[in-house]
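Chain by chain, the residues run as shown.
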Amino acid sequence: GENVEQHPSTLSVQEGDSAVIKCTYSDSASNYFPWYKQELGKRPQLIIDIRSNVGEKKDQRIAVTLNKTAKHFSLHITETQPEDSAVYFCAATTSAGGTSYGKLTFGQGTILTVHP
Amino acid sequence: DAGVTQSPTHLIKTRGQQVTLRCSPKSGHDTVSWYQQALGQGPQFIFQYYEEEERQRGNFPDRFSGHQFPNYSSELNVNALLLGDSALYLCASSLTGEEAFFGQGTRLTVV
């Protein structure tokens with residue numbers, strides 16, 4: 001089955017700096033890669049996702065890159081703010097049937113702390 | 001739109017008991033997945049329901065079972081609870097081919 005490795009496990013940055021979180025996956029059939037942000041005691045919230053037919057996607061201060069050959073994808077947050085502090089999870093999945101996505105396999109999570 | 005709702009939010013059970021958790025998907029979503037999130041870890045996939053049938057299953061024992069109703073809502077049942085079943089149980093709903101949205105979870109504590 002799919003295995004997703006995420007690094008680093010903790011990341012501390014100063015406000016305004018950039019943060020990068022990296023994930024690798026094992027199943028070459030995976031074709032959808034979402035990133036979730038989870039604040040303490042709250043639900044995981046989708047912040048950005050990328051499909052395997054795209055190499056890069058950007059949404060304001062957040063961007064994700066995908067290298068299918070190397071089977072890794074990364075989250076980039078620029079101009080970090082204290083409210084970006086949370087646990088970030090990457091995930092990978094493949095189609096369960098037709099166009100539906102199946103189970104999400106999550107990385108172990110990265111605790112991001114942005115210091116004012 | 002209320003999004004994905006789960007009930008109850010917190011639950012305390014005794015080892016050996018049985019528990020039922022409930023999930024109402026986001027309006028229009030037809031697929032429901034259940035995840036177990038232990039403290040400090042990423043969510044682990046339990047199973048996924050689509051058209052009232054279990055479509056995929058993760059590496060969880062048969063003590064974990066589920067159901068999806070015609071209105072797409074879903075239940076997760078866990079029998080013979082173990083201390084290790086203590087976790088946050090998350091429900092995620094999606095529409096075919098679209099991203100998954102998570103509920104706020106049910107915090108289950110087994111004592």
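Relevant structure appears above.
Conventions we followed
Residues numbered from 1 in each chain as written. Chains lettered and ligands numbered in written order. Predicted model: local features only at pLDDT ≥ 70, side-chain atom pairs only at ≥ 80, totals over all residues. Heavy atoms only, no water. Helix = DSSP H or I, 4+ residues; strand = E, 2+ residues; numbered from the N terminus. Buried < 20%, exposed > 50% of the residue type's maximum accessible area, 1.4 Å probe, protein only. Salt bridge = Lys/Arg side-chain N within 4 Å of Asp/Glu carboxyl O. Pairing = 2+ DSSP bridges. Axes fitted to C-alpha atoms, helices over the stretch in contact; angles between N-to-C directions. Disulfide = S-S within 2.5 Å. Phe/Tyr/Trp six-rings, centres within 6.5 Å; stacked < 30°, edge-to-face > 60°. 1 Å grid on protein atoms, 1.4 Å probe; cavity = no way out; pocket = protein on both sides within 12 Å on 5 of 7 lines; lining within 4 Å. Points joined across faces, edges and corners; volume = space filled by probe spheres on them. Nonpolar A, V, L, I, M, F, W, Y, C, P; charged D, E, K, R; others polar. Contact = heavy atoms within 4.5 Å. Polar contact = N/O pair within 3.5 Å; in protein donor to acceptor, adjacent residues only side chain to side chain.

A look at the side chain of Thr-105 of chain A
Part 1: Counting through the fold element by element, Thr-105 of chain A comes out in strand 12 (residues 105-106).
Part 2: Judged by relative accessible area, Thr-105 of chain A falls into the buried class, the value being 14%.

Comments concerning the pattern of salt bridges
Residue and element names in this part refer to chain A.
Part 1: Going through the model one piece at a time under the given rule, you end up with seven salt bridges over all chains.
Part 2: Glu-39 is the salt-bridge partner of Lys-37, the closest N and O atoms lying 3.9 Å from each other.
Part 3: What makes Lys-37 buried here is its relative accessible area of 16%.
Part 4: Each of Asp-49, Arg-51 and Lys-57 takes part in one network of salt bridges that share partners.

A word on the sheet that holds strand 7 (residues 64-68) of chain B
All names here are of chain B.
Part 1: The sheet built from four strands is open, its strands ordered 1-3-8-7 with antiparallel pairing. With one partner strand each, in any of the chains shown, strand 1 (5-7) and strand 7 form the two edges of the open sheet. Neighbour-to-neighbour, the strand axes of this sheet turn through a mean angle of 20 degrees, independent of strand direction.
Part 2: As paired elements, strand 1 and strand 3 (residues 19-24) share three bridges and run antiparallel to each other. Bridging from a neighbouring strand, Thr-5 pairs with Ser-24 of strand 3.

As for the state of the cysteines
All names here are of chain B.
Part 1: With the rule as written, the count across this model stands at two disulfides over all chains.
Part 2: Covalently, Cys-23 is tied to Cys-91 through a disulfide, its sulfur atoms 1.8 Å apart. With the S-S bond torsion at -60 degrees, the cross-link from Cys-23 to Cys-91 turns out left-handed. Linking Cys-23 in strand 3 with Cys-91 in strand 9 (residues 87-94), this pair joins segments that are 68 residues apart in sequence.

Description of the packing of aromatic side chains
Part 1: What the rule picks out here adds up to 13 aromatic pairs over all chains.
Part 2: Residues Tyr-25 of chain A and Phe-33 of chain A carry aromatic rings whose centres are separated by 4.7 Å and whose planes lie at 45 degrees to one another, so their mutual orientation is tilted. Taken individually, Tyr-25 of chain A and Phe-33 of chain A each receive the classification buried, so the pair is uniform in this respect.
Part 3: Aromatic side chains Tyr-35 of chain B and Phe-102 of chain B sit 5.6 Å apart centroid to centroid with 55 degrees between the ring planes, which places their arrangement in the tilted category. Residue Tyr-35 of chain B is found in strand 4 (residues 31-37), and its partner Phe-102 of chain B is found in strand 10 (residues 101-102); the two are separated by 67 residues along the sequence.
Part 4: Under the relative-accessibility criterion, Phe-102 of chain B is labelled buried at 3%.

Quick look at the sheet that holds strand 3 (residues 19-25) of chain A
Residue and element names in this part refer to chain A.
Part 1: Pairing is antiparallel across the open sheet formed by five strands, whose spatial order is 1-3-8-7-6. Each edge of the open sheet is held by one strand with a lone partner, namely strand 1 (4-7) and strand 6 (56-59). Neighbouring strand axes in the sheet, compared pairwise and without regard to direction, differ in orientation by 15 degrees on average.
Part 2: By the bridge criterion, six bridges tie strand 7 (residues 62-67) to strand 8 (residues 72-77) in an arrangement that is antiparallel. For Leu-66, the partnering residue across the bridge sits in strand 8 and is Phe-73.

Some words on empty space enclosed by the protein
All names here are of chain B.
Part 1: Inspection of the entire model under this criterion finds one cavity of 30 Å³ or more.
Part 2: The volume enclosed by the largest cavity comes to roughly 90 Å³.
Part 3: For the lining of the largest cavity, the secondary-structure elements that each account for two or more residues are strand 4 and strand 9.
Part 4: Counting residues per element, the lining of the largest cavity draws most heavily on strand 9, at three residues.
Part 5: Broken down by class, the residue content of the lining of the largest cavity amounts to six nonpolar, five polar and two charged.

A short note on the interface of chain B and chain A
Part 1: With 21 residues of chain B in contact, the opposing surface of chain A contributes 19 residues.
Part 2: Along the contact surface separating chain B from chain A lie zero salt bridges.
Part 3: Where chain B touches chain A, the interface holds five residue pairs in polar contact (both at pLDDT 80 or more).
Part 4: Of all the secondary structure elements, the ones that give two or more residues to the side of chain B that touches chain A are strand 4, strand 5 (44-50), strand 6 (53-57) and strand 9 of chain B.
Part 5: Across the side of chain B that touches chain A, the residue classes tally to eight nonpolar, ten polar and three charged.

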